[in-house]
Amino acid sequence: MTLVVEKPGLLTTVQDLGRSGYGQLGVSPSGAADSVAMRLGNLLVGNPAGAAVLEMTLLGGSFLFPEGAVIALTGADFGASLDGCAVEMWTPHVVKPGMKLVLGGTKNYARCYLAVAGGIRVALFLGSAATHLMSGLGGFQGRALRKGDVLELGPRKKRMEPKKVSQAVLLHLKPRQKLRVTDGPQSELFSEEAKQAFFGEAFRVSEESDRLGVRLEGVNIPVYGAGEMITEGVTLGAVQITPSGQPIVLGVEQQTAGGYPKIANVIGADLHRLGQLRPRDEIRFQRTSLAVARALWIEQERLLNNPAQLFV
Amino acid sequence: MVRFRAASDQAVLVYLGDEIALAANERVLKLLRSLEKKPPKWLRNVQPAYCSLLVTFDAWQVAHEEVVGALREYEARSEKMRATKRKTVKIPVCYDEEFGPDLREVAALRGTTPEQVIQLHCSPIYHAYFLGFAPGFAYLGDLPEALATPRRESPRRRVSAGSVGIAGKQTAVYPFATPGGWRLLGRTPTKMFRAGRIPGPLISIGDAVKFHPISREEFFELERA
């Protein structure tokens, strides 16, 4: 079983939940930027939630399935069609041998996921199929897909139950303009004025954003004494303020250590929303407590592990 | 002294000192080893640095207070651990201008000659404080005071793999072609990160590292090998 790349799109990579636990080697987890959409896609086609999928960015590609497949599209809507017929998202589809899936430019968010029953088969690097673009490791030959690439698919289950992600769940998990954050490890080094600017104003996502980080443009956040610090480990979703006063929110392919002060950190339950930000999107930050953040995380994980509630 | 601080809703930073110094880094290493020896169920990732350790945990299982409590115990136990064994890594570097575009500038900034810069860079046995930034990127220190130079004002968009750079009192080898703001003195033909069957970095945290100069001919010969 194979998937043939006829057009790769803007930036299409093999991703899964990433490789956690290799920080001491300088290796960040990588993995799907919107892991919630990725997991739901896999569940729809009968895969384990962490199977390898294709992550497309802003502009999708076209793919051939010479031996057929069962697929599901989740995340951003890239206006997909299968042999010319529109493909509904968040539900599985049977692709007959030789059919072609064509995706276009995004209609709403940054990333669309293509899950295939059986999963995408690549050699694992440190236990994960995720592509780490910066180092050229993992995924399909350590790089974004190109025209003519042929990807192996895993064996799929015989029976497939038709199902759909419920509207209520989609609404609950939907990307939103406000990202919730907890205090960062250097929050107290920032002045009241800096915090007011950070929480009071909207920021625009810069064109230079990628899987490493979302660069923001907007009001200047004064750093003062917080500017110089000893390099330390940094987390996914950390909001660093650079010496120029602009925030960078670290993404899945983040550097593992850094020396910029962090004013805040995106909460776990909003990390998938961070992964759906597009250049020129406007966002705001909303402060929350560690306890609320944890409660939201547990609520979200409970939902994602409860098929009865997820699907109709 | 040990300080804890929430880094995110799923991570705690443990500070074991407040300076770039061997003693603090040794404590980081010991805590890292004690966590590796008997990893708690909720442990997701550890990221050591100069004098801190970032601990990411599974928020489904535990909250910050429990993590901090457990880490306190790990830290207390780790103090009794013996100093970790270190290996010595020798790295050949070609300091040719083609590979070290900032060598002359560093010499000029420090009022010395390129030859002297090379000699100074090759003289210490460096300590690998930690790996970070990119896979296999080891922060090595301390650079001789006479070489300490700030980063470039604007980082390069692309630094070739194997490039040897300096920044402040640190030196490092870029394992992969990445953007980078360190001043480049030369390049090594040695692979800093193996991607094969048993992947891993050439330098591990706590290792001793020594650079030695090689000619262009030797560089290309080693690169081919």
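Draft legend 1. Region of the structure containing the pairing of strand β4 (residues 62-65) of chain A. Residues and elements named next belong to chain A. Burial along β4 is one-sided: Phe63 and Phe65 are buried, and none of Ser62 and Leu64, which face the opposite way, are. With 3 bridges connecting them, strand β1 (residues 2-7) and β4 associate as antiparallel partners. Across the sheet, the residue bridging to Lys7 is Ser62, located in β4. Pairing between β4 and strand β9 (residues 99-102): 4 bridges, direction antiparallel.

Draft legend 2. Seen up close, the domain arrangement of chain A. All names here are of chain A. If you check the domain split of chain A, you get domain 1 (2-162) and domain 2 (178-308). Of note, the centres of domain 1 and domain 2, computed from C-alpha atoms alone, are 27 Å apart. On the domain 2 side, the residues contacting the 23 residues of domain 1 number 16 residues. No other element matches helix α1 (residues 35-44), which puts 5 residues into the side of domain 1 that touches domain 2. Among the residues forming the side of domain 1 that touches domain 2, the class breakdown is 11 nonpolar, 9 polar and 3 charged.

Draft legend 3. Representation of the environment of Ala51 of chain A in the model. Residue and element names in this part refer to chain A. Looking at where Ala51 falls in the secondary structure, it is placed in the loop between α1 and β3 (53-57). C-beta crowding within 10 Å serves as the criterion here: with 24 such atoms nearby, Ala51 is assigned to the buried category. Taking the C-alpha atoms as reference, Ala51 lies 9.0 Å from Arg121; in sequence the two are 70 residues apart. Once residues within four sequence positions are removed from consideration, Ala51 is found in contact with Asp16, Asn42 and Gly119.

Thresholds, definitions, all that
- One numbering rule holds for all chains: residues counted from 1, following each sequence as written.
- Each chain is given a letter, starting from A, and each ligand a number, starting from 1, according to the order in which they appear as written.
- Per-residue local features of the predicted model are confined to residues with pLDDT of at least 70, and side-chain atom pairs are confined, for both listing and counting, to 80 or more; whole-chain, interface and lining totals are unaffected and use all residues.
- Three classes are used. A residue is buried when 20 or more other C-beta atoms lie within 10 Å of its own, exposed when 12 or fewer do, and partly exposed in between, with C-beta atoms placed from the backbone.
- The helix count covers DSSP runs of H or I at least four residues long, the strand count covers runs of E at least two residues long, and both are numbered beginning at the N terminus.
- Pairing between strands requires that DSSP locate at least two bridges from one strand to the other.
- Just so you know, the domain bounds were taken from an automatic or database domain assignment.
- Here contacts are defined at the residue level, using C-beta atoms placed from the backbone and a cut-off of 7 Å between them.
- Polarity classes work like this: nonpolar for Ala, Val, Leu, Ile, Met, Phe, Trp, Tyr, Cys and Pro, charged for Asp, Glu, Lys and Arg, and polar for all others, with Gly in that last group.

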